Amino acid sequence: MKIAIIGAGIAGLTVAYHLKDFADIVIFDKSRGAGGRICTRYAKPYVFDHGAQFFIARTNKFKNFLEPMIEAGVIQSWNAKFVEIKKDKIISRRQWDNDNPHYVGSPTMSSIGKYLSQDLNVQLNSEISINRSKDHWQIVDKEGSDQGVFDWVISTAPVSQSAILLPVDFKFHETLLSRKMMGCFSLMIGFDDSLNLAWEAALVSEADISWISVNSSKPGRNGSFTLLVHSTNSWAEENINQEKDAVIEHLMNETSKIIGKKVYDANHIDLHRWKYANIKKQDVESPFIDENNQLAACGDWCIKGRIESAFLSGFDLANEMRSLIN
Ligand SMILES: Cc1cc2nc3c(=O)[nH]c(=O)nc-3n(C[C@H](O)[C@H](O)[C@H](O)COP(=O)(O)OP(=O)(O)OC[C@H]3O[C@@H](n4cnc5c(N)ncnc54)[C@H](O)[C@@H]3O)c2cc1C
């Protein structure tokens, strides 16, 4: 049994990890590294986790899955000084601790994808599409080269991309079309010297920014002082096609106002645009398996825009698939 998985994010890696002893699996991802939105941007001497910031494990399934990575030090608890900021005023403070861990990858968020993919067949830099070939699926890359024939294809791409990748007769195609993900801008700022803020992670409300973290305060970073800023989803949606410089200028101004310090003399400033960053909580969460077509789809968009949701969608799908392919 040959299975192609589209996407080496946490959902795709989870499916592969749990099915690898039952099928011949190849994961294809268009990116340069595994991990999907759990990712890291390097700009020497700076390092930025420009996607997911941290995560919490609520379910035992997820806790068990994380255990070996915690033991290996690939995942560590980020015991940040956390604040909530309303406009430009701090309204609450809390110290994150080991009793209620806020996990991050260490030394970077991308360490998680690297760790999980080490024993899997992951084809990177492979943006692929699928074609029906008799009773199989043929995988073709962007250059049109044949990447093999598979019995099953599982898409873990963000929902709008999955809707394009999978044929219209996929049993759940209408559902895919009805789900909408939201955008986000990540502003990455690197400094020569520390800004000496009184906090390391800030949840922001009543502004066009929703999150600011001292990225360099996460465990294992040891690098120069960095801030990572996320716009709100709603501001990103309204400005998704804006010029990069205009977005940077607005978010830099907002950041200065919120933290009460000028950030314009930073040494490094860059922006990443996420067209599909996350999704609100969904009512129907079941894995989407179309047995007749031998196609399936999962990802955070099945449940909620969180790492644990992406994991659970992949875990549940793998469990159901096991009984189908055995
Ligand atoms: C800015 C931002 C901040 C976030 N903050 C947090 C947070 O603090 N905590 C938290 O829990 N979650 C957070 N999230 C959400 C979290 O990152 C996601 O829920 C999770 O990583 C999704 O995993 P996934 O495997 O479902 O999808 P992805 O990680 O998106 O993986 C899908 C993969 O499919 C690949 N792909 C798509 N199309 C193709 C194709 N045609 N061919 C080959 N490959 C393809 C992509 O390259 C990608 O790697 C954040 C996300 C963003 C963007």
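Look a little higher up for the structure.
Note that the coordinates shown come from a computational prediction; the quantities given were computed from them, not determined experimentally.

**Notes on the environment of Ile91**
Within the secondary structure layout, Ile91 lies in strand S7 (residues 89-95). Not counting residues within four places of it along the chain, the set of residues in contact with Ile91 comprises Glu84 and Lys86.

**Here's the deal with the sheet that holds strand S12 (residues 146-150)**
Read from one edge to the other, the open sheet built from 3 strands follows the order S10-S11-S12, with strand pairing classed as antiparallel. Pairing within the sheet leaves two strands with one partner each, and these edge strands are strand S10 (128-133) and S12. The sheet shows a mean angle of 25° between the axes of neighbouring strands, direction not considered.

**With respect to the pattern of salt bridges**
All told, the structure shown has 10 salt bridges when counted by the stated rule. Residue Asp316 is joined to Lys61 by a salt bridge in which the shortest nitrogen-to-oxygen separation is 3.2 Å. Of the two residues, Asp316 sits in helix H8 (residues 307-325) while Lys61 sits in helix H2 (residues 60-71), which places them 255 residues apart along the sequence. Assessed through its relative accessible area of 37%, Lys61 is described here as partly exposed. Measuring nitrogen to oxygen at the nearest pair gives 2.9 Å for the salt bridge that ties Asp169 to Arg132. A residue pair is termed long-range when its members are at least 10 positions apart, and Asp169 in the loop between helix H4 (159-165) and helix H5 (173-178) and Arg132 in strand S10 qualify at 37 residues. Salt bridges sharing partners connect three or more residues here, namely Arg41, Lys244 and Asp270.

**Focus: the packing of H2 against H8**
For the pair H2 and H8, the least separation of the axes is 10 Å and the interaxial angle reads 95°. By the angle between their axes, H2 is roughly perpendicular relative to H8. Facing Lys61, Phe62 and Phe65 of H2, the residues of H8 in contact are Ile307, Glu308, Phe311, Leu312, Phe315 and Asp316. Residue composition of the contact of H2 with H8, grouped by class: 6 nonpolar, no polar and 3 charged.

**Let's talk about H2**
Given a rise of 1.5 Å per residue, 12 residues ought to cover 16 Å, and the 16 Å separating the end C-alpha atoms of H2 matches this to within 8%. Phe62, Phe65, Leu66 and Met69 are the residues of H2 that are buried. Seen from one end, H2 has its buried residues packed into an arc of 90°, which puts them on one side. Projecting away from the buried face of H2 at angles above 90 degrees are the exposed residues Asn60, Asn64 and Glu71. Directly beyond the C-terminal end of H2, a positive phi value near 80° is found at Gly73.

**Describing unusual backbone geometry**
Residue Pro45 is bonded to the preceding Lys44 through a cis peptide linkage, with omega at 5°. Position of Pro45 relative to the elements: it lies in the loop between strand S3 (41-43) and strand S4 (46-48). A cis amide bond links Ser106 to the next residue, Pro107, at an omega of 10°. Its location among the elements puts Pro107 in the loop between strand S8 (103-105) and helix H3 (110-117). With a phi angle near 50°, Lys134 is a residue other than glycine that sits in the positive phi range. Within the secondary structure, Lys134 is located in the loop between S10 and strand S11 (136-141).

**So, the packing of helix H1 (residues 10-19) against H8**
Where H1 meets H8, the closest approach of the two axes is 8 Å, and the angle between their N-to-C directions is 35°. Relative to H8, H1 is oriented so that their crossing is right-handed. Touching Ile10, Ala11, Thr14, Val15, His18 and Leu19 of H1 are Ile307, Ala310, Phe311, Ser313, Gly314, Phe315, Leu317, Ala318, Met321, Arg322 and Ile325, all from H8. Of the residues in the contact of H1 with H8, the class split is 12 nonpolar, 4 polar and 1 charged.

Criteria and thresholds
- Residues numbered from 1 in each chain as written.
- Predicted model: local features only at pLDDT ≥ 70, side-chain atom pairs only at ≥ 80, totals over all residues.
- Heavy atoms only, no water.
- Helix = DSSP H or I, 4+ residues; strand = E, 2+ residues; numbered from the N terminus.
- Contact = heavy atoms within 4.5 Å.
- Pairing = 2+ DSSP bridges.
- Axes fitted to C-alpha atoms, helices over the stretch in contact; angles between N-to-C directions.
- Salt bridge = Lys/Arg side-chain N within 4 Å of Asp/Glu carboxyl O.
- Buried < 20%, exposed > 50% of the residue type's maximum accessible area, 1.4 Å probe, protein only.
- Parallel < 35°, antiparallel > 145°, perpendicular 65-115°, else oblique.
- Nonpolar A, V, L, I, M, F, W, Y, C, P; charged D, E, K, R; others polar.
- Expected span 1.5 Å × (residues − 1).
- Arc of directions from axis to C-beta.
- Left-handed = near helix turned anticlockwise from the far one by under 90°.

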